[in-house]
Amino acid sequence: MKFKDYVKNLDPVPFVFLTITPLAAAALLSLYLYLYDLSWPFVLLFVAFYSATAMSITAGYHRLWSHKAYEAGPLLRLFYALFGAAAFQNSIYKWSVDHRLHHRHVDTDLDPYSINKGLFYAHMGWMISKQEIPDNAKAYGRDFEKDKIVMWQDKHYVAIAIAMGFCLPTLIGFVMGNALGGLVFGGLLRMVALHHGTFLINSACHFWGAQPYTNKNTARDNIVLAFLTFGEGYHNFHHLFATDYRNGIRWYHWDPTKWLIKMSNWLGLSQNLKRTPEIKIQTARWTREQSRFQQSLEKLNHSWQLRVRELQTKVDTAQARFLELKQEYKKLKAQKTEASRRKLIELRMELKIAKQEWKSYLYQWRLVLSQAPQMA
Ligand SMILES: [Zn+2]
Ligand SMILES: [Zn+2]
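Parameters at a glance
Residues numbered from 1 in each chain as written. Chains lettered and ligands numbered in written order. Predicted model: local features only at pLDDT ≥ 70, side-chain atom pairs only at ≥ 80, totals over all residues. Heavy atoms only, no water. Axes fitted to C-alpha atoms, helices over the stretch in contact; angles between N-to-C directions. Helix = DSSP H or I, 4+ residues; strand = E, 2+ residues; numbered from the N terminus. Parallel < 35°, antiparallel > 145°, perpendicular 65-115°, else oblique. Left-handed = near helix turned anticlockwise from the far one by under 90°. Nonpolar A, V, L, I, M, F, W, Y, C, P; charged D, E, K, R; others polar. Donors = N, O, S within 2.8 Å, 3.2 Å for Na, K, Ca; no water. Tetrahedral: all angles 85-135°; square planar, octahedral: opposite > 155°, others 65-115°. Buried < 20%, exposed > 50% of the residue type's maximum accessible area, 1.4 Å probe, protein only. Phe/Tyr/Trp six-rings, centres within 6.5 Å; stacked < 30°, edge-to-face > 60°. Lys NZ or Arg CZ within 6 Å of the ring centre and 35° of its normal. 1 Å grid on protein atoms, 1.4 Å probe; cavity = no way out; pocket = protein on both sides within 12 Å on 5 of 7 lines; lining within 4 Å. Points joined across faces, edges and corners; volume = space filled by probe spheres on them. Salt bridge = Lys/Arg side-chain N within 4 Å of Asp/Glu carboxyl O.

S.K.: I keep staring at the packing of helix α15 (residues 302–335) against helix α16 (residues 338–371) and nothing clicks. Help me out?
M.R.: A pair of packed helices can be characterised by two numbers: the angle between their axes and the separation between those axes. Two elements in contact, α15 and α16, have axes whose closest approach is 8 Å; the angle formed by their N-to-C orientations is 160 degrees. It follows that α15 is roughly antiparallel to α16 by the angle criterion. When the axes of α15 and α16 are compared, the crossing they make is left-handed. Taken together, the residues that form the contact of α15 with α16 break down as 19 nonpolar, five polar and eleven charged.

S.K.: What exactly am I supposed to notice about the coordination of the zinc ion (ligand 1) here?
M.R.: The expected angle between donors at a tetrahedral four-coordinate metal is 109.5 degrees. At an octahedral six-coordinate metal it is 90 or 180 degrees. Summarising the metal site, the zinc ion (ligand 1) is bound by the protein donors His102 (NE2), His206 (NE2), His235 (NE2) and His239 (NE2), whose distances to it range over 2.1 to 2.2 Å. Around the zinc ion (ligand 1) sit four donor atoms; with metal-centred angles ranging over 95 to 159 degrees, the donor geometry is irregular. The sequence pattern describing where the donors of the zinc ion (ligand 1) fall on their chain is H-x103-H-x28-H-x3-H. Taken together, the positions of His102 in helix α5 (residues 92–104) and His235 in helix α11 (residues 235–240) put the pair 133 residues apart, joining distant regions of the chain. Overall, His102 belongs to the buried group, its relative accessible area being 1%.

S.K.: How should I be thinking about the packing of aromatic side chains in this particular structure?
M.R.: Under the defined criterion, the tally for this structure stands at 25 aromatic pairs. Note on Tyr32 and Phe42: the rings are 6.1 Å apart at their centroids and 55 degrees apart in plane angle, and the pair reads as tilted. Taken together, the residues span a long stretch of sequence, with Tyr32 in helix α2 (residues 12–35) and Phe42 in helix α3 (residues 40–66) at a distance of ten residues. We classify Phe42 as buried; its relative accessible area is 5%. Here the aromatic residues Phe49, Trp65, Phe79, Tyr80 and Phe83 are joined through ring pairs into a cluster of three or more. The ring of Trp358 is capped by Lys359, whose NZ or CZ atom sits 4.3 Å from the centre of that ring.

S.K.: What is the right way to read empty space enclosed by the protein from this model?
M.R.: Empty pockets left among the atoms are what a rolling probe the size of a water molecule brings to light. Tallied over the full model, the rule gives one cavity of 30 Å³ or more. If you add up the space inside the largest cavity, you get close to 60 Å³. Lining the largest cavity are Tyr50, Ala54, Ile57, Thr58, Leu194, Gly197, Thr198, Ile201, Leu228, Thr229 and Phe230. Of all elements in the fold, only α3 and α9 (179–202) reach the threshold of two or more residues within the lining of the largest cavity. Here the residues of the lining of the largest cavity are counted per class, giving seven nonpolar, four polar and no charged.

S.K.: I would appreciate a short explanation of the pattern of salt bridges in the present structure.
M.R.: Side chains that carry opposite charge are capable of pairing whenever their charged atoms lie near each other. On inspection of all chains with the given rule, the structure shows ten salt bridges. Residue Asp143 pairs with Lys68 through a salt bridge whose shortest N-O separation is 3.0 Å. Linking Asp143 in the loop between α6 (119–128) and α7 (148–155) with Lys68 in the loop between α3 and β1 (71–72), this pair joins segments that are 75 residues apart in sequence. Note that Arg246 and Asp244 form a salt bridge whose closest N and O atoms lie 2.8 Å from each other. In this structure, a network of salt bridges that share partners links the residues Arg63, Glu232 and Asp255.

Shown next as structure tokens:
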């Protein structure tokens, strides 16, 4: 979107809020550092408030309410509603309706933060310019009408946001001996930093990074952004499998939101965590990889093409066998009997061999495809 369009469609309240708050945060931080020394308790207050509000957005607003990736009890929902409001990113209701529209109409004119209107627009430009609300937007939030916490938070959003986002940290700061420190580190500075952390998911996560699962939309996986956004950076995976409670699916993927949800499940605060079956994930990856090399394949002569296709079939079969065995292994592991324990040892060996076979065919397929002579 062009500068003159922003001027024409400017929405004054969010514009003033989003421009004044960073300036106010910088001014108050300077004042604080002029008057006092930076101390560890206030750095910790920043980290604690940043984490609580950020995860209320990622685990609450996003994965719980927007996508229903799991269910949570009233205690956890109330926590997310209170600390999510303190992030000053609108109510659960409005945030989730926008986000559902984003997923449903990604990259089109109906996408509230479409990257096709520019990086700045997707980051924050969409909030400072007046938008036409689609006629059917209400239908996207119909299920919330039964959720008392969502409706209560929507009704009193501004009061809750101010109380939780500014008053509470100032009060904690006062108890710690410095009310200004509380307001700066737990309130204003924390809110501004979190704003841009969250906005990066709509902008940078649709611009920089890899597309291992699909290129049918602009969403990207970006590990650096996953670090900055409590795991939301695996956005290519997320756009394809939005109801999965995880965004980083491997155990080593940096996704603190997934760990928090899992932990809340162990504590009995949440249930019915949804996971995408491994077969679907691997099929999407493999389909994407094949489509990426389709052009190279078409440039090979007939006999090389046949060789590649033959290897492709072998990858398919080996992959299916590995995933089948993995499923069997999981089932057996859950039984916990003496017989199942013995069978598990055998199965673990078989699983190792099947994995090696699959990876080896995949490696050969990539090798042949990259080294085969191409036709002019
Ligand atoms: Zn997105
Ligand atoms: Zn989402």
